[in-house]
Amino acid sequence: MSRRLRSKTSPTPGTTRRTFLKQVGAAGLAAAAAPLVQPRISVGAAPVTLNLWTGYPELEPFYKKAGEEYAKTHAGFKLETLSSQLREMEQKLTAAIPTDTGPDVFDIGRNIALIFADGGLLPPNPPKVMSLLKSKAFNPVVVDYNTYKDKVYGIPFQEGSKPALFYNTKMFKEAGLDPNKPPATFDELMAAARKLAKKDASGNLIRAGISLRLSGQGSGVGEKFWYVLYAMGGDIIVKTKSGKWRNGYDNEAGRAALKFYIDAVHKYQVDDTKLQHDAAAFVSEQAAMLMREAWVIGELKEKGPKVEYNTVAVPRAKRWGGMTQPWSLYVSKSTKSPDVAWDFAQFLVSPPMAILHLTMTGWTSMRDDVDWSPILKNTPQFKPFLVWDKGRGLYAEPAIPVWDELETKMAERLVTAFADKSLMDNPSGIAKAMKDMATQSDDLLKKAGIYGTD
Amino acid sequence: MVEPSAGSLVAPAVTLTDRLCGLLRMNRLKFSKYCFCYLGLIPVFAIYWVLRLEPIARTFILSFYDWHLIRPLKPFVGLANYYEMWSDDNFLLALRNTTLFAVFVVGASVVLGLALAVLLAGNLRLTAAYQAIYFLPVITPMVPMAIAWKWIFDARYGILNYSLSWFGVQPIGWLTSPDVAMWAIIIMSVWKVLGYNMVLLLVGLKNIPAVYYEAASMDGAAGWKMFRRITLPLLKPILLFVVVISTINAYNVFTQVYVMTQGSQAAPGAPLRVLVFDIYQNGFQFFKMGYASAEAVVLTLIVLALTLIQMRVIRADGE
Amino acid sequence: MAERRSATGNGLWNRIGTPAASHGVLLAGSLSMLFPFVWMLATSLKPADETMLWPPRLLPINWTAQNYPTVLNAAPFVRYFVNSVIVSVGATILVIATSVLAGFIFGKYEFPGKRLLFLVILASAMFPFETYMIPLYLTMKSLGWINTYQGIAAPYMIMSFGIFLMRQHIAHSIPEDLLDAARVDGASELKIFLRLIVPLCSSPIGALGILAFIQAWAAFIWPLLMATHRSMYMMELGLSTFQFRYTADYHLLSAAAILNTVPMLIAFIILRRRIIESVALTGLKG
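Model, not experiment: these values are computed from the prediction.

1. Here we look at the overall build of chain C
1) Next: Regarding its fold elements, chain C presents 14 helices and 0 strands.
2) Next: Helices and strands in chain C line up, N terminus first, as α-α-α-α-α-α-α-α-α-α-α-α-α-α.
3) Next: When burial is assessed residue by residue, chain C has 59% of its 286 residues classed as buried.
4) Next: Across chain C, every contact between residues at least 6 apart in sequence was considered, and the portion connecting residues at least 24 apart equals 71%.
5) Next: In the form shown here, chain C has an accessible surface area of approximately 10,900 Å², with 66% of it arising from carbon and sulfur atoms.

2. Some thoughts on empty space enclosed by the protein
Residues and elements named next belong to chain A.
1) Next: According to the stated counting rule, one finds 13 cavities of 30 Å³ or more in the structure shown.
2) Next: Space inside the second largest cavity adds up to approximately 120 Å³.
3) Next: The wall of the second largest cavity is formed by 12 residues, among which Ser-211, Leu-212, Arg-213, Lys-224 and Met-291 lie closest to the centre.
4) Next: When contributions to the lining of the second largest cavity are tallied by element, the ones reaching two or more residues are helix H10 (220–232) and strand E12 (289–292).
5) Next: Grouping the constituent residues of the lining of the second largest cavity by class yields 5 nonpolar, 3 polar and 4 charged.

3. Description of unusual backbone geometry
Residues and elements named next belong to chain A.
1) Next: Its identity as a non-glycine residue notwithstanding, Asp-150 has a phi of 65 degrees, on the positive side.
2) Next: Position of Asp-150 among the secondary structure elements: in the loop between strand E4 (147–148) and strand E5 (151–152).
3) Next: One non-glycine residue with positive phi stands out, namely Gln-269, at about 50 degrees.
4) Next: As for its placement among the helices and strands, Gln-269 is situated in the loop between helix H11 (252–267) and helix H12 (278–283).

4. A few points about the sheet that holds E12 of chain A
All names here are of chain A.
1) Next: Ordered in space as E12-E7-E13, the 3 strands form an open sheet in which the pairing is antiparallel. Unpaired on one side and paired on the other, E12 and strand E13 (309–312) mark the two borders of the sheet. Taken over all neighbouring pairs, the strand axes of this sheet differ in orientation by 25 degrees on average, direction set aside.
2) Next: Relative to E13, strand E7 (residues 164–168) runs antiparallel, the two sharing 4 bridges. Residue pairing in the sheet places Tyr-167 in a bridge with Asn-310 of E13.
3) Next: Strands in contact with helix H9 (residues 186–196) are E7 and E12; relative to E12, the strand with the most contacts, it is inclined by about 135 degrees.

5. Brief notes about the sheet that holds strand E3 (residues 105–108) of chain A
Residues and elements named next belong to chain A.
1) Next: With mixed pairing, 5 strands are arranged side by side in an open sheet as E2-E1-E3-E15-E6. Whereas interior strands pair on both sides, the edge strands pair on one side only; in this sheet they are strand E2 (77–83) and strand E6 (155–159). Taking the axes of each pair of neighbouring strands and ignoring which way they run, one obtains an average angle of 25 degrees across the sheet.
2) Next: Bridge count for strand E1 (residues 48–54) against E3 is 3 bridges, and the pairing is parallel. What sits directly across from Thr-54, in E3, is Asp-107.
3) Next: In the packing of helix H3 (residues 60–73) onto the sheet, contacts are made with E1, E2, E3, E6 and strand E15 (326–331), and the angle to E2 comes to roughly 175 degrees.

6. Notes on the interface of chain C and chain B
1) Next: Facing 106 residues of chain C, the contacting portion of chain B comprises 106 residues.
2) Next: Counting across the interface, chain C meets chain B through 0 salt bridges.
3) Next: Linking chain C to chain B there are 12 residue pairs in polar contact (both at pLDDT 80 or more).
4) Next: Per-element accounting of the side of chain C that touches chain B gives the leading share, 16 residues, to helix H2 (residues 19–44) of chain C.
5) Next: A breakdown of the residues in the side of chain C that touches chain B according to their chemical character gives 71 nonpolar, 22 polar and 13 charged.

7. Regarding the packing of helix H4 (residues 77–108) of chain C against helix H8 (residues 160–173) of chain C
Residues and elements named next belong to chain C.
1) Next: Across the interface, H4 lies against H8 with an axial gap of 7 Å and an inter-helix angle of 50 degrees. In terms of their interaxial angle, H4 and H8 are classed as oblique. By crossing handedness, the relation of H4 to H8 is classed as right-handed. The segment H4 lies against H8, with Thr-98, Ser-99, Val-100, Ala-102, Gly-103, Phe-104, Phe-106, Gly-107 and Lys-108 engaging Gly-162, Ile-163, Met-166, Arg-167, Ile-170 and Ala-171.
2) Next: When the residues that make up the contact of H4 with H8 are grouped by side-chain class, the tally is 8 nonpolar, 5 polar and 2 charged.

8. What to know about the pairing of E15 of chain A
Residues and elements named next belong to chain A.
1) Next: For E15, a buried count of 6 out of 6 residues is recorded, marking the element as mostly surrounded by other parts of the structure.
2) Next: Side-chain alternation along E15 places Pro-326, Ser-328 and Tyr-330 on one buried face and Trp-327, Leu-329 and Val-331 on a second face that is also buried.
3) Next: Examined bridge by bridge, E3 and E15 share 4 bridges and lie antiparallel to one another. Within E15, the residue paired with Val-105 across the bridge is Val-331.

9. Side note on the pattern of salt bridges
1) Next: Overall, the coordinates contain 34 salt bridges over all chains when judged by the stated rule.
2) Next: Residue Asp-278 of chain B pairs with Arg-273 of chain B through a salt bridge whose shortest N-O separation is 2.4 Å. Each member of the pair, Asp-278 of chain B as well as Arg-273 of chain B, carries the same accessibility label: buried.
3) Next: Each of the salt bridges in this network shares a partner with another, and the network as a whole consists of Glu-223, Lys-224, Asp-278, Arg-292 and Glu-293 of chain A.

10. Some points on the packing of aromatic side chains
1) Next: Using the criterion set out here, one finds 56 aromatic pairs over all chains in the structure.
2) Next: Their ring planes at 20 degrees and their centres at 5.7 Å tell us that Tyr-63 of chain A and Phe-157 of chain A sit as a pair that is stacked. Of the two residues, Tyr-63 of chain A sits in helix H3 while Phe-157 of chain A sits in strand E6, which places them 94 residues apart along the sequence. Residues Tyr-63 of chain A and Phe-157 of chain A agree in their burial class; the two are buried.
3) Next: Their ring planes at 65 degrees and their centres at 5.8 Å tell us that Phe-36 of chain B and Phe-104 of chain C sit as a pair that is edge-to-face. Taken together, the residues Phe-36 of chain B in helix H2 (residues 28–62) and Phe-104 of chain C in helix H4 connect one chain to another. With respect to burial, Phe-36 of chain B and Phe-104 of chain C carry one shared label: buried.
4) Next: Cluster of aromatic residues (ring-pair linked, three or more members): Tyr-34, Tyr-38 and Phe-241 of chain B together with Phe-106, Phe-111, Phe-118 and Phe-164 of chain C.
5) Next: Positioned above the aromatic ring of Trp-388 of chain A is the side chain of Lys-162 of chain A, whose terminal nitrogen or guanidinium carbon lies 4.9 Å from the ring centre.

11. Topic: a nonpolar patch on the surface
1) Next: There is a patch of nonpolar side chains on the surface, built from Ile-159, Tyr-162, Trp-166, Phe-167 and Val-169 of chain B and spanning about 590 Å² of accessible area.
2) Next: On the secondary structure map, Phe-167 of chain B appears in the loop between helix H7 (159–165) and helix H8 (178–206).

12. Side note on the environment of Gly-254 of chain A
All names here are of chain A.
1) Next: Examined against the element boundaries, Gly-254 turns out to sit in helix H11.
2) Next: Accessibility expressed as a relative area gives 0% for Gly-254, which makes it buried.
3) Next: Counting along the chain gives 202 residues from Gly-254 to Leu-52, while the straight-line C-alpha distance between them is 41 Å.
4) Next: Discounting chain neighbours no more than four positions away, the residues touching Gly-254 are Phe-225, Leu-229, Tyr-249 and Met-434.

13. With respect to the domain arrangement of chain C
Residues and elements named next belong to chain C.
1) Next: Taken as a whole, chain C is organised into domain 1 (2–65) and domain 2 (70–280).
2) Next: The distance between the C-alpha centroids of domain 1 and domain 2 comes to 28 Å.
3) Next: Domain 1 puts 10 residues into the contact, and the matching count from domain 2 is 7 residues.
4) Next: Interface area, domain 1 with domain 2, both sides summed: about 740 Å², of which 83% is carbon and sulfur.

Definitions and limits used
Residues numbered from 1 in each chain as written. Chains lettered and ligands numbered in written order. Predicted model: local features only at pLDDT ≥ 70, side-chain atom pairs only at ≥ 80, totals over all residues. Heavy atoms only, no water. Helix = DSSP H or I, 4+ residues; strand = E, 2+ residues; numbered from the N terminus. Buried < 20%, exposed > 50% of the residue type's maximum accessible area, 1.4 Å probe, protein only. Contact = heavy atoms within 4.5 Å. Areas by Shrake-Rupley, 256 points an atom, 1.4 Å probe, with all protein chains shown as cover. 1 Å grid on protein atoms, 1.4 Å probe; cavity = no way out; pocket = protein on both sides within 12 Å on 5 of 7 lines; lining within 4 Å. Points joined across faces, edges and corners; volume = space filled by probe spheres on them. Nonpolar A, V, L, I, M, F, W, Y, C, P; charged D, E, K, R; others polar. Pairing = 2+ DSSP bridges. Axes fitted to C-alpha atoms, helices over the stretch in contact; angles between N-to-C directions. Salt bridge = Lys/Arg side-chain N within 4 Å of Asp/Glu carboxyl O. Polar contact = N/O pair within 3.5 Å; in protein donor to acceptor, adjacent residues only side chain to side chain. Parallel < 35°, antiparallel > 145°, perpendicular 65-115°, else oblique. Left-handed = near helix turned anticlockwise from the far one by under 90°. Phe/Tyr/Trp six-rings, centres within 6.5 Å; stacked < 30°, edge-to-face > 60°. Lys NZ or Arg CZ within 6 Å of the ring centre and 35° of its normal. Patch = residues over 30% accessible without salt bridge, like charges linked within 9 Å, V, L, I, M, F, W, Y side chains within 5 Å. Domains from an automatic or database assignment. Buried area = accessible area lost by both parts, 1.4 Å probe.

This is the structure:
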């Protein structure tokens, strides 16, 4: 919202994010518009107003624009949007959906959607949507993500959590590293981080070699830990042959992953909890490297235009892969116009809208069949997010209701472990920490009745 | 017994009211008093019922169920939720943290608020300006304030550490070090409510009639003695009010902890876990509404007990 | 006659010395009260690329007032403001009305069940709102009050603290003789209430009014739950427009926060003056 208006009214010099995205968007739209001219089915003559709620305030301008586009070919269509912070929107939907006071279309995290599905409050996808999902447009892992008890819910709309490695090319050159040969393995990553970390006269770290997620509320710490864990060969929970679940990290992989963090913080001191973290740190150049999602590109354009950086896929160890966390659009059970709602939701993920989505908000679509080349020409840093290398795996969180609690409780223990200096060069200490953590995870699985070892 | 003066206003109602009075065995005055009381309280309690009592009662009943917000199966489990609480590490930690928090925040904000109110009560000039300044934190929205405080507390460049460095103090990780994080929130919370307490206590101070001071100073009392013997006792009603309110608000702390740690990538989780956060997490993140309700009931009982103790200790005369 | 009435009599003042010492302390405190606010104000005058500077700077390099018009255009803040005023004023009026009435009844009367009823009122204030929010929402739905002013104002229409405050004030500052005198003159209880008590409570009513107003104005989660359409949003909700998934437009957020705070500050300043005046005028004390 602010970005759209700033380009019209702001006197600030330089390329704002909005202007840059606008340039890219113009190119993209032109390219994508060509195959668009298809006959659209007019859904009845009666005027329809859809209510759309979103937990991403930055998406609201995109939704509004998409609504206007849709109205061009559907007379009488009007879109009303409402947005709020994610957690608050979750609460709002939790109050509204069961009482039929909710919207027609909404986007929400899968954990909440699953709970609605579980309670029979969410309709499964109609056949027309399913044929789109089963087509080449979507990766089977993504469709699987939305599957619960053999039914598929929601249209995957936006990538919530696909990371890549951001690295500051200027700092690379200064440290004697080749910015065109970024770290490809976790060992190389640690080596680079050690060269990039900077200390002041009294030995305090003033620039992180790599900014890791060491603390914070929620399950984020666990999610970021999984990037490393996956590469080392482990997973948070694994499915057994009989369809039950057990922890996947009380093993070599889990211990190696924890060791990576302990070494980073305590042994080689390339990161420190006292420093600024995350995107803010990368934007203000307090961190040389960061593993994060595509939205950071937009942040850099707007708030750190002078930062010289590039991106590359997350490094490998025993395995190479990245996470996907599709954010989906859902149609509510109580909507008065289900046909229009589903049609509009499908429209929102169509290729031209996908390009508009990226250019307006910096968040990427889930579709595999969009031609991104005009955007990549302008901003090559989007490449590791949009173009998936062969041999790179794709993994996603399992669709079980207790997942959020499991990952959150694991995250809490990880935070304590990361701060524990005694784990440095202490394999048995690390093993114990992981074992206790795994026991807690297994307990939660047992309580949910889905634990099994075969 | 005081008889209302004879007048035509009174005459028509006499028979009915007298009969009722006779029935209830009370005089007219008492009767009219009782009427006023109960009739006056009816609208008040009607509103209370709809807006507070009924929802709270529902939540209370909820605490005896394994009530998952959306799942259809909601079995009655009696006291199971309550038993689970006492072996739940998170809950016990939250209890400990919140109590620590409350003790310090109430103590500091009431004592400092009183000190400031005393200074202002001395008919100082610019009182209105000072009150407005001290009240500013109270009315400013929490979110932008939390952001400002994150900067103030920053370990490397925050103004707090910078000021402390003049005294030779090493940089402290206010929001990142588990030992110190709670103190950072305490400082911020005292900052936020200080003005509130100060304003209320000032109202109380100003309502103490000058006569008392005059009488006491004629007996030779002054300074601290005057404060202890005259001011404090006469301030008890408002003081009790302020202490009780502060306690309730302290135990219900949530927003600032939530805001300062939700968005923060570096805040320690465990030391800042407070009761309402635990309730919120269990209820709205894990959807265990029955368990969350039980926690809320326990929280309420604790605060109620504390309030009753405070009322006894401060003993506002009479009641 | 005492030259300067103070909580410690004249003695302590003489010992400390002068108003200068008091001012010193108060000023030091004021600085710490104001600093975060100053930071917010400064940030609201910065362009976007200055919000994430490291090391952080207090003052902008390129001052800009552009954020304010941007904020006002970004969302219908005028509408939000009107909504906030309607809801807050409505809630405040009801809080004052119920608190003074109930405070009077509990403060100056004895009747069977009084203790219990008062305890119920107190206890209900200790229950965290977040927990009974959902049952209350269900009640609102059955009343058809979702997305209405009365629905949004509902939880803020009553304030146990208000009743408590009024009760304390009435019980200890209004002599029983006054009431008895009025009764002798033939006044009904209701008349006593309206003609005698209410005017005598102007000071705490002012204080309570402010507190009730602030509580309603600063409300966030309840208005969010209740509003199903933008047109019913309140100002505090408008702030969330500038907070995104992982970041925020701090410069716009700060400008919006200033816009949100200033009306309340003005209201406070106006009301505070009135209270101080009424206290000074009150000759009934002593």
